Amino acid sequence: MIFMRGDIHSKRGGRNERFSSAVSRTAFEDHRSWFTNMSLTEDNTMASSPRELTQNPLKKIWMPCKNGLPEKNICQRKVGMTNCPTLIVTVGLPARGKTYISKKLTRYLNWIGVHTKEFNVGQYRRKYMKIYKSFEFFRPDNEEGLKIRQQCALAALGDVRRYLTEEGGQVAVFDATNTTRERRETILRFTEQNGYKVFFVESVCEDPDVIAENIVQVKLCSPDYVDCNTEEAVDDFMKRIKCYENSYQPLDEVLDRELSFIKIMDVGRRYLVNRVLDHIQSRIVYYLMNIHITPRSIYLCRHGESELNLKGRIGGDSGLSVRGKEFAKCLGRFIQEQNISDLKVWTSQMKRTIQTAEALGLPYEQWKALNEIDAGVCEEMMYEEIQESYPSEFALRDQDKYRYRYPKGESYEDLVQRLEPVIMELERQENVMVICHQAVMRCLLAYFLDKSAEELPYLKCPLHTILKLTPVAYGCKVESISLNVEAVNTHRDRPENVNVQRTREDALKTLPAHL
Amino acid sequence: MRGSRSTQHLGVKVGMTNCPTLIVTVGLPARGKTYISKKLTRYLNWIGVHTKEFNVGQYRRKYMKIYKSFEFFRPDNEEGLKIRQQCALAALGDVRRYLTEEGGQVAVFDATNTTRERRETILRFTEQNGYKVFFVESVCEDPDVIAENIVQVKLCSPDYVDCNTEEAVDDFMKRIKCYENSYQPLDEVLDRELSFIKIMDVGRRYLVNRVLDHIQSRIVYYLMNIHITPRSIYLCRHGESELNLKGRIGGDSGLSVRGKEFAKCLGRFIQEQNISDLKVWTSQMKRTIQTAEALGLPYEQWKALNEIDAGVCEEMMYEEIQESYPSEFALRDQDKYRYRYPKGESYEDLVQRLEPVIMELERQENVMVICHQAVMRCLLAYFLDKSAEELPYLKCPLHTILKLTPVAYGCKVESISLNVEAVNTHRDRPEVRRRIFCTFLVFLL
């Protein structure tokens, strides 16, 4: 039995039991547990001898063990390490960017390892109503409509409760207008009953251009307007907004001073932040204050083919091969042709990315954080050699490539933590080209394309190929541009047999060719 | 732009913006402006941004020599107003010298700056010189906070060195009154073109307007994470390790017998201290975790707290490094802060790695951090405002706890030795050793 102490004590009785059952599910293994050495004696005196430590073979984490077996949960520093789930509640008139913010925030939190899910009440309404007729549904005097909308909100909250309390979710984003104090009261009662923290995110904007652009980008293509032409849709939507305006009670500095919230004004020109309670709220505020909606593109690519690439060796700090240099030249020409305004170029501190950037004739910034994943003892080895010298490590890696940490090296999970400041700065910037490495590029791509931890380590990021990412609507458009310079393939798919006892042949089945 | 110019990203876009920033405080007396200025300056310097604060009150004290009473600050005191204006301009002159001639990146102009007129003067100054400007206003009407402020930092001010407490408090309250009538707080509408953060009620609420760039974004994030709740931070290293005993650096060994003894004593020490709601943090290396295990408290493992990666020199003795990599060894002694081990890290890298730890330490209250020598030096340098030159030589012996308690504008340090023997792992800068050796020689002769 594991004792929890202090602020970790949950107000709700069920949590501790749930931990014991959650332990066996690897997905939650790291995410919420505090690690304690409370003694088993009645009077809480300290144990007389400290517990032995064993190193988890996958993540190389030291944890206490009993009889050679690891003892329950281990606690690594993770964002949101509070056993108290958080409900984020959007507030604002239609077309103020609530869903944009909800989706983006959800994507960011999941990427940094916080289990987050968004619940869009509009979708519940569409599912229930099946057909959207007109703005009349939203008229404040439409009793039938009000009843249905209330039911949808409650249904969504029910799913929130299931996600946060039963499914191990850490953050839920409740995306709806929530424009009346009454509706917000309902939500507050709900969070109190369930022991959730609550943080409001309000978007206030009166700029008609921004609202118009918003409607064009995400409303015209909404299922609600699938049978309308542009004019009809815009007209109806503007009337829909009007339905909310009279009853809109924005979050107020005085009336709502006890609530935790951020009020975003004029698409980030100004912010009012009230009562940030904990780490995760602080990170959310920092993130929201760094994002913008100015159109721009992000170009991701790897360094040109390197000498070690040619030899089928991983890691190291080698220079470009002949073909790699050719790629760098082509990259320079490509950028000139693209005529990108005010392009920033970032590289890692490894020779191969810097050599690539040098060929562009542009200023560039070196980031240590963009260095390739550290393969520890396996640095500069070929996969065949890793199989030879560390067959069980090799198998463990195939079992859980995201969490696997090379001995004296890093894991993809470590990479994500290392890359978070890069992502934050990418959000602040406009046109940027990032020249990096395979594992690093996979992490960055997973952030922009909302890929899970399972998919991330297998994303295809071939050499000599640029991915141009352009934010559009609620997501990201990807263009893959090959510069037609030959290079080795460095992508190794997950083999079928990931068993530690597997044969050499099975282990190397998916190995790409090399010199 | 032809030709490439590369810059190292040290966590802040340093060289990439050749535009220095002037941070300007705004607020009535005793609202924490100097506290914020000094703390912000300390943080920015630690992360590698050359920052200096300019406190106009100090210019006034230097000019006036003696402070008589609050009458100096009366709004109808023409002489006083003239002198205060001159002091502000003198300070701005030094700001200009620092930012334009001495390579400073950020200057913090610490004064009340409570009138729009004064702020206009400053804005003209920054425009003339091509500086960015960011205002930091502190607004607070909580009488308890103001009273505590006066007790902590005003009573001991040079202005009140000859007064008793009652006289000092009385005079200072009248001084605040002198500013109140002409105070024009930053306004959401009137000042909408300015970049600023308005901190209300010691961080309960913030208004942030027009954050322009990376450094302003970092400043806002930092200011929103600090608090003034009293607490203590305990820093110590893991207990003595097996590799310590062998004189080897790095690695991931377990505790020696004495190290385990220290861990037990540490557990007893913590119990005796009776610290409310203590958080315990360790690295992900065996020796810190073993140490924490003996405490009987929940602890959190941070990879960011791992010891500096010595790359190819991992698990070597200094003698072996001298043998195999003599020029590396010499380079390290030439600039220990910036020197990066081959395939390893530098202290400079460590600071960047530790920044999220510092940010979370600012958010927390009572915390014990069980870490490593180089890591502890970095953290200590942040709290005690040590330069990059001093940092790698700070003394952080094994089996010694440093208890840091914020007080006034700085940090009180208590060094607590738990009286368990351990090897000394501190290596001084060689000139020092050479000097000591030469002095010894001279002494012999």
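Every chain's residues receive numbers from 1 upward, in the order its sequence appears when written. Each chain gets a letter, beginning with A, and each ligand a number, beginning with 1, in the order they are written. Selection of residues for local features in this predicted model requires a pLDDT of at least 70, selection of side-chain atom pairs for listing and counting requires 80 or more, and totals for whole chains, interfaces and linings are taken over all residues. Derived side-chain values reflect all non-hydrogen atoms in the structure, with water molecules and hydrogen atoms excluded from consideration.

Identification of chain B as 6-phosphofructo-2-kinase/fructose-2,6-bisphosphatase 4-like from Paramormyrops kingsleyae is taken from an unreviewed UniProt entry. UniProt positions are given in the numbering used here, feature names are shortened, and annotations may be inferred rather than shown by experiment. Under the Sequence similarities (unreviewed entry) heading, UniProt states for chain B: "In the C-terminal section; belongs to the phosphoglycerate mutase family."

Per an unreviewed UniProt entry, chain A carries the name 6-phosphofructo-2-kinase/fructose-2,6-bisphosphatase 4-like and comes from Paramormyrops kingsleyae. Among the UniProt annotations of chain A, the heading Sequence similarities (unreviewed entry) holds the following wording: "In the C-terminal section; belongs to the phosphoglycerate mutase family."

Engineer: Is there a simple way to think about the confidence of the model for chain B in this case?
Structural biologist: Residues shown with low pLDDT carry predicted positions that ought not to be read at fine detail. Residues and elements named next belong to chain B. The predictor attaches a confidence to each residue, called pLDDT, with possible values from 0 through 100. Per-residue confidence for chain B averages 93 on the pLDDT scale, and 93% of its residues sit at or above 70. When checking whether two residues touch, look at their non-hydrogen atoms; a contact exists if any pair is within 4.5 Å. The low-confidence segment residues 1-16, where pLDDT is below 50, has 47 contacts with residues more than four positions distant or belonging to other chains. Interface scoring of the predicted complex returns ipTM 0.92; its pTM is 0.91.

Engineer: In this structure, what is going on with the pattern of salt bridges? I would like to understand it.
Structural biologist: Between side chains of opposite charge, pairing is possible as soon as their charged atoms come close. Basic side-chain nitrogens of Lys or Arg form a salt bridge, by our definition, when they fall within 4 Å of a carboxyl oxygen of Asp or Glu. Counted under the stated rule, the structure contains 60 salt bridges over all chains. Among the ionic pairs, B:Glu320 bridges to B:Arg248, the shortest N-O distance being 2.9 Å. In this pair, B:Glu320 sits in helix α11 (residues 318-324) while B:Arg248 sits in the loop between α8 (242-245) and α9 (257-273), placing the two residues 72 residues apart along the sequence. Burial classification: accessible surface area is computed with a 1.4 Å probe over protein chains only, and a residue below 20% of its type maximum counts as buried, one above 50% as exposed, and the rest as partly exposed. Among the residues examined, B:Glu320 registers a relative accessible area of 25% and is labelled partly exposed. Between B:Glu345 and B:Arg353 there is a salt bridge, with the nearest N and O atoms lying 2.7 Å from each other. With a relative accessible area of 10%, B:Glu345 lands in the buried category. In the salt-bridge network here, residues are joined through shared partners; they are A:Arg125, A:Arg126, A:Asp224 and A:Arg240. Working definition: helices are DSSP H or I runs of at least four residues, strands are E runs of at least two. Numbering for both runs from the N terminus.

Engineer: Looking at this structure, I do not really get the side chain of A:Thr347. What am I missing?
Structural biologist: With respect to the helices, strands and loops of the structure, A:Thr347 is situated in strand β11 (residues 344-347). In this structure, A:Thr347 is in contact with A:Thr353, A:Ile354, A:Ala357, A:Tyr364, A:Glu365, A:Gln366, A:Trp367, A:Leu370 and A:Ile435, ignoring residues within four places of it in sequence.

Engineer: Sorry, what's going on with the UniProt feature "binding site: substrate" (unreviewed entry) in chain B here?
Structural biologist: Residues and elements named next belong to chain B. Sequence positions flagged by UniProt for "binding site: substrate" (unreviewed entry) are, in local numbering, Arg 237, His 238, Gly 239, Glu 240, Ser 241, Glu 242, Leu 243, Asn 244 and Arg 287. The named residues occupy 51 residues along the chain; their greatest pairwise C-alpha distance, 14.0 Å, places them in one compact cluster. With respect to the helices, strands and loops of the structure, Arg 237 is situated in strand β8 (residues 233-237). Setting aside chain neighbours within four positions, we find Arg 237 in contact with Asn 244, Phe 262, Ile 370, Cys 371, His 372, Gln 373, Met 376, Cys 396, Pro 397, Leu 398 and Thr 425. For the purposes of these results, a polar contact is taken to be a pair of N or O atoms within 3.5 Å, where, inside protein, one atom must be able to donate a hydrogen and its partner to accept one; residues adjacent in sequence count only when each atom of the pair is a side-chain atom. There is a polar contact of 3.4 Å between the side chain of Arg 237 and the side chain of Gln 373.

Engineer: What should I look at first to understand the pairing of strand β4 (residues 106-110) of chain B in this one?
Structural biologist: When a strand is regular, its side chains alternate between the sheet's two faces. All names here are of chain B. Most of β4 is tucked away: five of the five residues are buried. Here β4 shows no split at all, with Val 106, Val 108 and Asp 110 on one side and Ala 107 and Phe 109 on the other all buried. Bridge analysis of strand β2 (residues 21-26) against β4 gives four bridges, and the strand direction is parallel. Within β4, the position partnered with Thr 21 by the bridge is Val 106. Following DSSP output, two strands are said to pair if at least two bridges run between them.

Engineer: What is the right way to look at the domain arrangement of chain A in this model?
Structural biologist: Quoted interface sizes are often the accessible area lost when the parts come together. All names here are of chain A. Source of the domain bounds: an automatic or database domain assignment. We note that the domain assignment places domain 1 (86-289) and domain 2 (298-508) within chain A. Of note, the centres of domain 1 and domain 2, computed from C-alpha atoms alone, are 36 Å apart. Opposite the 15 residues of domain 1 that make contact, domain 2 presents 16 residues. Accessible-area loss on putting two parts together, using a 1.4 Å probe and summing over both, is the definition of buried area adopted here. For the pair domain 1 and domain 2, the summed buried surface comes to about 1500 Å²; carbon and sulfur atoms form 64% of the total. Three residues, Arg 107, Trp 111 and Val 218, lead the burial of domain 1 against domain 2; their summed loss comes to 48% of the area buried on that side. Where domain 1 packs against domain 2, one counts two salt bridges. In this structure, the connection of domain 1 to domain 2 is made through seven residue pairs in polar contact (both at pLDDT 80 or more). Listing elements by their share of the side of domain 1 that touches domain 2, those giving two or more residues are α2 (98-111), α6 (208-219) and α8 (279-288). Residue contributions to the side of domain 1 that touches domain 2 peak at seven residues, all from α2. Only Asp, Glu, Lys and Arg are considered charged in this grouping, and only Ala, Val, Leu, Ile, Met, Phe, Trp, Tyr, Cys and Pro are considered nonpolar; every other residue, Gly among them, is considered polar. Among the residues forming the side of domain 1 that touches domain 2, the class breakdown is eight nonpolar, two polar and five charged.

Engineer: Whenever I open this one, the packing of aromatic side chains confuses me. Can you help?
Structural biologist: The relation between two aromatic rings is expressed through the spacing of the ring centres and the mutual angle of the planes. For Phe, Tyr and Trp, where Trp contributes only its six-membered ring, two rings pair if their centres lie within 6.5 Å, and the inter-plane angle classes them as stacked under 30 degrees, edge-to-face over 60, or tilted in between. Within this structure, the stated rule accounts for 29 aromatic pairs over all chains. On the numbers, 5.1 Å between centres and 90° between planes, the contact of B:Phe72 with B:Phe73 is edge-to-face. Neither B:Phe72 nor B:Phe73 differs from the other in exposure class; each is buried. A centroid spacing of 6.2 Å and a plane angle of 70° characterise the contact between B:Tyr160 and B:Phe172, whose relative ring orientation is edge-to-face. Placement of the pair is B:Tyr160 in the loop between α5 (143-154) and α6 (165-180) and B:Phe172 in helix α6, with a sequence separation of 12 residues. Residue B:Tyr160 is classed as buried on the basis of its relative accessible area, which comes to 2%. Feature note: the residues A:Tyr132, A:Phe137, A:Phe138, A:Tyr225, A:Phe237 and A:Tyr244 constitute an aromatic cluster, connected by ring pairs. One residue, B:Lys336, lies across the ring of B:Tyr393, its end atom 4.7 Å from the ring centre. A ring is scored as having a charge over it whenever the NZ atom of a lysine or the CZ atom of an arginine sits within 6 Å of its centre and within 35 degrees of its normal.

Engineer: Please clarify how the sheet that holds strand β6 (residues 196-200) of chain B should be interpreted in this entry.
Structural biologist: As a general point, the strands of a sheet are linked pairwise by backbone hydrogen bonds and lie either parallel or antiparallel. Pairing within the open sheet is mixed, and its 12 strands lie in the order β5(A)-β6(A)-β4(A)-β7(A)-β8(A)-β9(A)-β7(B)-β6(B)-β5(B)-β2(B)-β4(B)-β3(B). Looking along the sheet, the strands with just one partner apiece sit at the ends: β5 (116-120) of chain A together with β3 (51-55) of chain B. On average, each strand axis in the sheet is inclined to that of its neighbour by 15°, with strand direction left out of account. As defined by bridge partners, strand β5 (residues 132-139) of chain B adjoins β6(B) across five bridges and the pair is classed as parallel. Counterpart to B:Val139 in the pairing with β6(B) is B:Met200. Only the stretch in contact is used when fitting a helix axis, every axis being a line fitted to C-alpha atoms; angles between N-to-C directions are given from 0 to 180 degrees. Relative to the sheet, helix α1 (residues 33-46) of chain B contacts β2, β3, β4, β5 and β6 of chain B, its axis offset from that of β3(B) by approximately 165°.

Engineer: Looking at this model, I keep getting lost on the UniProt feature "binding site: substrate" (unreviewed entry) in chain A. Mind explaining?
Structural biologist: Residues and elements named next belong to chain A. UniProt's entry tags Arg 302, His 303, Gly 304, Glu 305, Ser 306, Glu 307, Leu 308, Asn 309 and Arg 352 with the feature "binding site: substrate" (unreviewed entry), counted in the numbering of this structure. Mapped onto the fold, Glu 307 is located in helix α9 (residues 307-310). Assessed through its relative accessible area of 35%, Glu 307 is described here as partly exposed. Beyond its immediate chain neighbours, meaning those up to four positions away, Glu 307 contacts Ser 318, Gly 319, Leu 320 and Ser 321. Tracing the chain through its elements places Leu 308 in helix α9. What Leu 308 contacts, discounting residues up to four positions off in sequence, is Arg 313, Gly 315, Gly 316, Asp 317, Ser 318 and Glu 380.

Engineer: Teacher, can you tell me more about the sheet that holds β8(B) here?
Structural biologist: Residue and element names in this part refer to chain B. Read from one edge of the open sheet, six strands run β10-β9-β11-β8-β12-β13, paired in mixed fashion. Two strands bound the open sheet, and with one partner strand each, they are β10 (300-301) and β13 (410-417). Of the pairings in the sheet, the one linking β8 to strand β12 (residues 400-407) comprises three bridges and is antiparallel in character. Across the sheet, the residue bridging to Ile 233 is Leu 404, located in β12. Across the sheet, α9 touches β8, β11 (367-371), β12 and β13, and the angle it forms with β8 is around 170°.

Engineer: Where do I start with the packing of helix α2 (residues 56-64) of chain B against helix α3 (residues 78-101) of chain B in this structure?
Structural biologist: Two measures define how a pair of helices packs: the angle their axes make with one another and the distance between the axes. Residues and elements named next belong to chain B. As a packed pair, α2 and α3 sit with axes 9 Å apart at the nearest point and diverge in direction by 120°. For the element pair α2 / α3, the angle class is oblique. Crossing geometry of α2 relative to α3 is assigned as right-handed. Facing α2, whose interface residues are Val 56, Tyr 59, Arg 60, Tyr 63 and Met 64, α3 presents Ile 83, Gln 86, Cys 87, Ala 88, Ala 90, Ala 91 and Asp 94. Comment on the angle field: the value is read as roughly parallel under 35 degrees, roughly antiparallel over 145, roughly perpendicular from 65 to 115, and oblique elsewhere. Left-handed describes a crossing whose near helix is turned anticlockwise from the far helix by less than a right angle; the clockwise case is right-handed.

Engineer: What should I look at first to understand the UniProt feature "active site" (unreviewed entry) in chain B in this one?
Structural biologist: All names here are of chain B. Under the UniProt annotation, the feature "active site" (unreviewed entry) is placed at His 238 and Glu 307. The greatest C-alpha distance among the annotated residues, which extend across 70 residues, is 10.7 Å, indicating that they converge on a single site. Here His 238 falls in the buried class, since its relative accessible area comes to 2%. Those residues in contact with His 238 that lie beyond four places of it in its chain are Asn 244, Phe 262, Arg 287, Thr 288, Thr 291, Ile 370, Cys 371, His 372 and Leu 398. Within polar-contact distance, the side chain of His 238 engages the side chain of Arg 287 at 3.3 Å. By the element assignment, Glu 307 lies in the loop between β10 and α11. From its side chain, Glu 307 meets the backbone nitrogen of Gln 373 in a polar contact 3.4 Å long.

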